[in-house]
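Each chain is listed here by its residues.
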Amino acid sequence: FTDNREGLRIEGTSYTLIQNCKLYNYRETNNNHNTSAIKTYDNDHLTIENTEIYNCSQGIFLKRNTDDSIIRYNYIHDCYNAFFTHVSTDANSISDRNQVYHNVIAKCFEGFSVGYRDGTGDEWEVFNNTFYSGIGCSNGRGWKIWNNIIASGAIAAYGGNTLSECDDNLFAPDNEYIARLHVYEKNDKTYKSLYSWQFSGELEGGGNPGA
């Protein structure tokens, strides 16, 4: 079914800890995002750590209004989509100020993405991860993406997303491109070389990404 099915559902909480879990085999025939290992609604200061998630249509799905939370030390592999956050024009669906670090995402059709439709997710920090996939982010300001190994894929920022920091990421040499900003907007821009990305002026205020 395409309605909500999940292994672990966290709703309307503050300071919840999900730790040391193994979740697997939450699958929907067409990999609809509503079938997930972990799904969240209306939470703040949530921590998900030291989990292994595999063979799921969706690994971690922050579906609605999950703020000021930490996703760390997780191994997500062999899923259709490893990590997804739903942000839409509904004010209750916006997720801000989350940190994602020290995770490994491998062998997933889609890796890490924040965003859906026209909402915003502001001031996310994504650092010290290993992605065998890209990083996708939707409308939002103040994003910081640094110290990640991106073994395949690239950084893709949709709509009006803006980066305040983007330093010291390691990209695979055979990637089609390094970064694509303002996807589907009039100023849609693709950077195919590290040199062009480092002198792009794409950071907030016209700054350049670091080495």
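Residue positions are given per chain, counting from 1 as you read along its sequence in written order. Local features in this predicted model are restricted to residues whose pLDDT is 70 or higher, and side-chain atom pairs enter the listing and the counts only when it is 80 or higher, whereas totals over whole chains, interfaces and linings include all residues. Side-chain measures were taken over the full set of non-hydrogen atoms in the model, leaving aside hydrogen atoms and water.

Caption draft 1: Just the layout of surface pockets, in detail. Using only the protein atoms, space was sampled on a 1 Å grid; points where a 1.4 Å probe fits but cannot get out form cavities, open sets with protein on both sides within 12 Å along at least five of seven lines form pockets, and lining residues are those with an atom within 4 Å of a point. Grid points are joined across faces, edges and corners, and a volume is the space filled by probe spheres set on the points. One number sums up the size of the largest pocket: a volume of about 460 Å³. Lining the largest pocket are 24 residues, with Phe112, Ser113, Gly136, Ala156 and Tyr158 sitting closest to its centre. In this description a helix means any DSSP run of H or I spanning at least four residues, a strand means any run of E spanning at least two, and both kinds are numbered starting from the N terminus. Of all the elements in the fold, those that place two or more residues in the lining of the largest pocket are strand 13 (110-114), strand 16 (135-137), strand 19 (155-158) and strand 22 (179-183). The leading source of residues in the lining of the largest pocket is strand 13, at 5 residues.

Caption draft 2: Just the nonpolar core, in detail. Nine residue types can take part in a nonpolar core, namely buried Ala, Val, Leu, Ile, Met, Phe, Trp, Tyr and Cys, and a core is a set of them joined through side-chain atoms within 4.5 Å. Only protein chains enter the calculation, and the probe is 1.4 Å; a residue is then buried if its accessible area is under 20% of its type maximum, exposed if over 50%, and partly exposed in between. Core analysis: the largest hydrophobic core is formed by 40 residues, its most contacted members being Ile53, Ile60, Phe83, Phe112 and Ile145. When sequence neighbours within four positions are dropped, the list of residues in contact with Ile53 reads Leu23, Ala37, Ile38, Gly59, Ile60, Tyr75, Ile76, His77 and Cys79. Between two residues, a contact is recorded if the distance between any of their heavy atoms is within 4.5 Å.

Caption draft 3: Geometry of unusual backbone geometry. Of note, the phi angle at Asp42 is positive, near 55 degrees, even though the residue is not glycine. Tracing the sequence through the fold places Asp42 in strand 4 (residues 35-44). On the accessibility criterion, Asp42 (25% relative accessible area) is partly exposed.

Caption draft 4: Layout of the pairing of strand 22. Of all 5 residues in strand 22, 4 are buried; the element is thus mostly enclosed. Looking at chain direction, strand 19 and strand 22 are connected through 3 bridges and run parallel. Bridge pairing in strand 22 links Tyr158 to Val183. Count of turn residues in the strand 22/strand 23 (residues 189-191) antiparallel hairpin: 5 residues, of which Tyr184 carries a positive phi of about 70 degrees. Should DSSP find at least two bridges between two strands, the strands are taken to pair.

Caption draft 5: Spotlight on the sheet that holds strand 4. Sheet architecture is open: 9 strands sit in the order 1-4-7-10-13-16-19-22-23, paired in mixed fashion. Two strands lie at the open edges of the sheet, namely strand 1 (5-11) and strand 23, each paired on one side alone. For this sheet the average axis-to-axis angle between neighbouring strands, irrespective of direction, equals 10 degrees. Across 4 bridges, the pairing between strand 10 (residues 81-85) and strand 13 is parallel. Only the stretch in contact is used when fitting a helix axis, every axis being a line fitted to C-alpha atoms; angles between N-to-C directions are given from 0 to 180 degrees.

Caption draft 6: The arrangement of empty space enclosed by the protein in detail. In this structure the tally under the stated criterion is 1 cavity of 30 Å³ or more. Considering only enclosed or pocket space, the largest cavity measures out at about 40 Å³ in volume. Lining the largest cavity, in full, are Cys166, Asp167, Asp168, Asn169, Phe171, Leu194, Trp197, Gly210 and Ala211. Three classes are used, and their members are as follows: Ala, Val, Leu, Ile, Met, Phe, Trp, Tyr, Cys and Pro are nonpolar, Asp, Glu, Lys and Arg are charged, and the others, Gly among them, are polar. Residues belonging to the lining of the largest cavity are distributed by class as follows: 5 nonpolar, 2 polar and 2 charged.

Caption draft 7: Expanded view of the sheet that holds strand 11 (residues 99-101). Here 7 strands make up an open sheet; going across it, the order is 2-5-8-11-14-17-20 and the pairing parallel. The two strands at the open ends of the sheet, each matched to only one other strand, are strand 2 (17-19) and strand 20 (163-167). Neighbour-to-neighbour, the strand axes of the sheet open up by a mean angle of 5 degrees, direction not taken into account.

Caption draft 8: Inspection of the packing of aromatic side chains at higher detail. Aromatic pairs are defined between Phe, Tyr and Trp rings, using the six-membered ring for Trp, whenever the two ring centres lie within 6.5 Å; interplanar angles under 30 degrees are classed as stacked, those over 60 as edge-to-face, and all others as tilted. Taken as a whole and assessed by the stated rule, the structure comprises 14 aromatic pairs. Ring geometry for Tyr73 against Tyr101: centres 6.2 Å apart, planes inclined by 85 degrees, an arrangement best described as edge-to-face. With Tyr73 in the loop between strand 8 (70-72) and strand 9 (75-77) and Tyr101 in strand 11, this residue pair connects regions lying 28 residues apart in the sequence. The exposure class assigned to Tyr73 is partly exposed, which follows from its relative accessible area of 39%. Here Trp124 and Trp143 contribute two aromatic rings whose centre-to-centre distance is 5.6 Å and whose plane-to-plane angle is 5 degrees, an arrangement assigned as stacked.

Caption draft 9: Summary view of the pattern of salt bridges. Salt bridges, as used here, are contacts in which a Lys or Arg side-chain nitrogen is within 4 Å of a carboxyl oxygen on Asp or Glu. Evaluation of the coordinates by the stated rule reveals 13 salt bridges. Note that Lys39 is salt-bridged to Glu6, the shortest N-O span being 2.5 Å. Taken as a pair, Lys39 in strand 4 and Glu6 in strand 1 lie far apart in primary sequence, 33 residues in all. Its relative accessible area of 21% is what places Glu6 among the partly exposed residues. The shortest N-O distance in the salt bridge between Asp68 and Arg97 comes to 2.8 Å. Taken as a pair, Asp68 in the loop between strand 7 (58-67) and strand 8 and Arg97 in the loop between strand 10 and strand 11 lie far apart in primary sequence, 29 residues in all. Arg97 sits in the partly exposed class, given a relative accessible area of 38%. In the salt-bridge network here, residues are joined through shared partners; they are Glu6, Arg9, Glu11 and Lys39.

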